[in-house]
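Next come the chains, spelled out residue by residue.
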Amino acid sequence: MHYQSGVRYSAAGDIYVRKTSFRKIILRTMIILAIGAFFLYPLVRYLTAPPNMMRYLETVQISLATLPEGTSQLISYHGQPVLVINYHGNIKALSAICTYNSALLRWDNDREELVCSSHDARYDINGNVKAGLAPRPLEQLEVMVVEGSVIIGKS
Ligand code: FES
């Protein structure tokens with residue numbers, strides 16, 4: 001009988017079981033884990049995406065007729081307050097949350113600025129800080145006007 005290394009023989013000598021080396025088991029396990037990670041990672045990232053990434057997947061629509069020039073509307077955009085402002089015919093949508101301490105903002109049309117009543121931070125129509133303690137500009141959302149409808153967010 002011819003004996004081979006890496007092969008285990010039965011007592012009868014005619015039945016054998018091929019031994020798998022520890023190194024091969026580790027290598028196969030690593031390959032399976034690498035392939036699994038390659039396909040699972042994007043899926044896990046998508047499912048656990050923070051709200052900021054998810055918010056651009058949907059839009060909110062309001063009627064332009066409800067937003068005359070110089071007025072604003074406070075809407076909820078994916079759970080976050082957003083001010084939609086008709087600024088001399090240009091529609092703007094800005095986060096209505098003050099970047100200083102998260103108080104709600106309002107649009108002051110006479111002064112043409114967003115105002116925080118909490119500590120008096122002020123922002124211009126593009127969300128830039130004009131005055132106060134606010135450390136960052138406001139987030140500005142994309143707006144489209146289509147056939148009398150204001151669409152906020154990307155489609
Ligand atoms: S929370 Fe806006 S200035 Fe204080």
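This text follows the structure it describes.
Draft legend 1. Spotlight on the environment of isoleucine 97. Positionally, isoleucine 97 belongs in the loop between strand S6 (90–95) and strand S7 (105–108). With sequence-adjacent residues up to four places away left out, isoleucine 97 is seen in contact with Gln80, Pro81, Ser102 and Leu104.

Draft legend 2. Quick peek at the environment of serine 149. Mapped onto the elements of the fold, serine 149 is located in strand S13 (residues 149–152). Judged by C-beta crowding, with 12 C-beta atoms within 10 Å, serine 149 ranks as exposed. When sequence neighbours within four positions are dropped, the list of residues in contact with serine 149 reads Gln61, Ser63 and Leu64.

Draft legend 3. Representation of unusual backbone geometry within the structure. Look at histidine 88: it is not a glycine, yet its phi comes out positive at around 50 degrees. Tracing the backbone shows histidine 88 in the loop between strand S5 (80–87) and S6. Histidine 88 gets classed as exposed once you count the C-beta atoms within 10 Å, which come to 9. Phi at glutamate 147 takes a positive value of approximately 50 degrees, unusual for a residue other than glycine. Along the chain, the position of glutamate 147 falls in the loop between strand S12 (143–146) and S13. Note on glutamate 147: 5 C-beta atoms within 10 Å, which makes it exposed.

Here is what the cut-offs are and how they apply
- Residues numbered from 1 in each chain as written.
- Predicted model: local features only at pLDDT ≥ 70, side-chain atom pairs only at ≥ 80, totals over all residues.
- Helix = DSSP H or I, 4+ residues; strand = E, 2+ residues; numbered from the N terminus.
- Contact = placed C-beta atoms within 7 Å.
- Buried ≥ 20, exposed ≤ 12 C-beta atoms within 10 Å, placed from the backbone.

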